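Structural overview for review
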Amino acid sequence: MAAKARIQKRLYYKIGEACKALDIQPYVLRYWETEFPALSPSKSRSGQRVYSEKELGIIRRIKELLYGEGYTIAGAKKRLEQELESGVLGA
């Protein structure tokens, strides 16, 4: 059984840290940013993407919808918007 990487709770995570914690590739995360309007990370002074805890939750849900539940990008986008509007995902 592989041990999961423990990431210390912080205000913001760099793209590499977020990808490591969520077990996805950076190019996948950058693509999801273009497809999902709810996912819009801010940038640090050096221009790096930084993700908040809320954004990590959104990324986890996107991953679950696409890989776990078998949604297409369009279907996952609709479902995510519904969940965000209803407050299910946490605003």
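For the structure itself, look to the data block above.
Below is a short write-up of the structure. (Residues numbered from 1 in each chain as written. Predicted model: local features only at pLDDT ≥ 70, side-chain atom pairs only at ≥ 80, totals over all residues. Heavy atoms only, no water.)

The next subject is the overall build of the protein. Assigned secondary structure in the protein consists of 4 helices and 3 strands. Secondary structure elements of the protein, listed N to C terminal, follow the sequence β-α-α-β-β-α-α. Expressed as a percentage of its 91 residues, the buried residues of the protein come to 30%. Pairs at least 24 apart in sequence give 48% of the contacts found in the protein among residues at least 6 apart. By element, 51% of the accessible surface of the protein is carried by carbon and sulfur atoms, the whole surface being about 6,300 Å². (Helix = DSSP H or I, 4+ residues; strand = E, 2+ residues; numbered from the N terminus. Buried < 20%, exposed > 50% of the residue type's maximum accessible area, 1.4 Å probe, protein only. Contact = heavy atoms within 4.5 Å. Areas by Shrake-Rupley, 256 points an atom, 1.4 Å probe, with all protein chains shown as cover.)

Counting residues in each nonpolar core, the largest one holds 20 residues, and the members touching the most others are Leu 29, Trp 32, Ile 59 and Ile 62. For this core, the element with the most residues is helix α3 (residues 53-68), which contributes 6 residues. With near-sequence residues (within four places) excluded, Ile 59 lies in contact with Leu 22, Ile 24, Leu 29, Trp 32, Leu 39 and Tyr 51. (Core = buried A, V, L, I, M, F, W, Y, C linked by side-chain atoms within 4.5 Å.)

We now examine the packing of aromatic side chains. For the coordinates displayed, the defined rule picks out 1 aromatic pair. Ring centres of Trp 32 and Tyr 67 lie 6.1 Å apart, and the angle between their planes is 50°; on these two criteria the pair is classed as tilted. Note that Trp 32 is positioned in helix α2 (residues 26-35) and Tyr 67 in helix α3, a separation of 35 residues in sequence. Classification of Trp 32 by relative accessible area gives buried; the value is 2%. (Phe/Tyr/Trp six-rings, centres within 6.5 Å; stacked < 30°, edge-to-face > 60°.)

Within the secondary structure, Pro 26 is located in helix α2. According to the relative accessible area criterion, Pro 26 is partly exposed, its value standing at 30%. Counting along the chain gives 10 residues from Pro 26 to Gly 16, while the straight-line C-alpha distance between them is 6.8 Å. In this view, Pro 26 contacts Ile 15 and Cys 19; residues no more than four positions away in its chain are not counted.

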